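# Commentary on secondary and tertiary structure
The chain contents come next:
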Amino acid sequence: MSAIARKTLRTPSALAAAQLVARDRLKPLQEVAARYAVAITPALADLIDPSDPHDPIARQFVPDARELHMEPGESHDPIGDDAHSPVEGIVHRYPDRVLLKLVNACAVYCRFCFRREMVGPGRGGLAPAALDQALAYVENHPEIWEVILTGGDPLVLSARRLKEVVTRLAAIAHVKVIRVHTRVPVAAPERVTAALVRALRTSKATFVVLHANHPRELTAKVRATCARFIDAGIPMLAQSVLLRGVNDDAETLGALLRALVESRIKPYYLHHADLAPGTAHLRTTIAEGQALMRALHGRTSGLCQPTYVVDIPGGHGKSPIGPNYLSADGAVIEDYCGRLHAYAAMASAAEKNTVVSNS
Ligand code: SF4
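Right, let's talk about the pairing of strand 1 (residues 90-94) for a bit. Of all 5 residues in strand 1, 4 are buried, a share of seventy percent or more. Strand direction decides the pairing type here: strand 1 and strand 2 (residues 97-101), joined by 3 bridges, are antiparallel. When the bridges of strand 2 are listed, tyrosine 94 appears paired with arginine 97.

This is the structure in structure tokens:
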């Protein structure tokens, strides 16, 4: 067991000893921990202010008794992975790309995780024969242009294991892009060694997508860790989950998005929180999310703007959910200050001119 793994807080009693939960909350939290995995690494524990009952880092990782209540509409497989899994480890939801789930463990366990029923310590990963079968599936489907390593968190694997998988993927001619989804640079930056960065370098375009939700997660150490990937020629993107009490105000979300871009990490998706069981207290409404995107539009550089998306329950994929600035008939468009402008008349005049000058 590594030093990081040893110091990771994995039980409500350990959280109480670290003063992250009150001892009188232990009983319900033990029930939560029996159902959903708990892990808070030293890097994240250090970011929590135990005196703040609303601490946004604690809210993401410290278990809460409300997780025991499943709301109508919540689902054990909220994004429908199972419906699109032709072989173990593969999710083939869209024609040109697949998820390859190498491992079911993570460095930390997020309380809002959309795969919370599938991830946890000791849940293992793809056995060698299953990995062979998953790679054979990719090889036998020439329409697969991109492979996304996810999990769990693929960067909990050793550099040697990652190198083996990435090398085998890169050898498949029709796979042009490899993407790695991870929370490790934030949760356990020590894991990002020179060997691990080298393991991800291949002849194919490789992107690392960081999961980060609050600006405090981007410490100097985390930024330096991400710079290792970027300086090695591995561009980084970010995905964030919109969470009540964590980043659901324009100031915090704007600070997160700016901090990412300052770290040369392009915000990619802002996910509306999925209908994972026991997570209602962390979800916003879509209207609140759209209002936040409006608040950021025009006041935050375009580089900082992610696409706000929801995963359609049942496995139907992601769709952007706005907001929309053009009226349904295309006649009126709204600017970033909320002022309305006639658009259709100007656009059709310009189109006519284009036709005349091209003829
Ligand atoms: S790191 Fe990702 S897969 Fe792991 S618990 Fe968090 S959201 Fe779930």
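All right, on to the site of the ligand then. Neighbouring the ligand are Cys106, Val108, Tyr109, Cys110, Cys113, Arg183 and His211. Judged by the proximity of its atoms to the pocket grid, the ligand belongs to the largest pocket. A class-by-class count of the residues in the shell around the ligand yields 5 nonpolar, 1 polar and 1 charged.

Glancing now at the pairing of strand 2. For strand 2, the tally of buried residues reaches 4 of 5 residues, placing the bulk of the element in the interior. Linkage of strand 1 to strand 2, two consecutive antiparallel strands, is achieved through a turn of 2 residues. Summarising the sheet, strand 2 and strand 3 (residues 146-150) pair through 5 bridges and their orientation is parallel. Considered in strand 3, the bridge of lysine 101 is made with threonine 150. Handedness of the β-α-β unit built from strand 2, helix 6 (residues 128-139) and strand 3 comes out right-handed.

So, on to the pattern of salt bridges. Tallying each qualifying case throughout the model produces 21 salt bridges. Taking the shortest distance from any N to any O, the salt bridge between glutamate 74 and arginine 283 comes out at 2.8 Å. With glutamate 74 in the loop between helix 5 (56-61) and strand 1 and arginine 283 in the loop between strand 7 (265-272) and helix 12 (286-296), this residue pair connects regions lying 209 residues apart in the sequence. Residue glutamate 74 shares its accessibility class with arginine 283, and that shared class is buried. In this structure, arginine 168 engages glutamate 164 in a salt bridge whose closest nitrogen and oxygen atoms are separated by 3.4 Å. With arginine 168 and glutamate 164 both in helix 7 (residues 159-170), this residue pair falls 4 residues apart, about one helical turn.

Here we come to the sheet that holds strand 8 (residues 307-311). Read from one edge of the open sheet, 9 strands run 1-2-3-4-5-6-7-8-9, paired in mixed fashion. With partners counted over all chains shown, the strands left at the sheet margins are strand 1 and strand 9 (318-320), one partner each. Neighbouring strand axes in the sheet, compared pairwise and without regard to direction, differ in orientation by 30° on average. Contacts between helix 7 and the sheet are confined to strand 2, strand 3 and strand 4 (177-182), with strand 3 contributing the most and set at about 165° to the helix. On the sheet, helix 11 (residues 250-262) packs against strand 5 (205-211), strand 6 (236-242) and strand 7 and is oriented at approximately 145° with respect to strand 7.

What counts and how
Residues numbered from 1 in each chain as written. Predicted model: local features only at pLDDT ≥ 70, side-chain atom pairs only at ≥ 80, totals over all residues. Heavy atoms only, no water. Buried < 20%, exposed > 50% of the residue type's maximum accessible area, 1.4 Å probe, protein only. Helix = DSSP H or I, 4+ residues; strand = E, 2+ residues; numbered from the N terminus. Pairing = 2+ DSSP bridges. Near = heavy atom within 4 Å. 1 Å grid on protein atoms, 1.4 Å probe; cavity = no way out; pocket = protein on both sides within 12 Å on 5 of 7 lines; lining within 4 Å. Sits in = over half its atoms within 2 Å of the grid points. Nonpolar A, V, L, I, M, F, W, Y, C, P; charged D, E, K, R; others polar. Right-handed = clockwise from strand over helix to strand, strands pointing away. Salt bridge = Lys/Arg side-chain N within 4 Å of Asp/Glu carboxyl O. Axes fitted to C-alpha atoms, helices over the stretch in contact; angles between N-to-C directions. Contact = heavy atoms within 4.5 Å.

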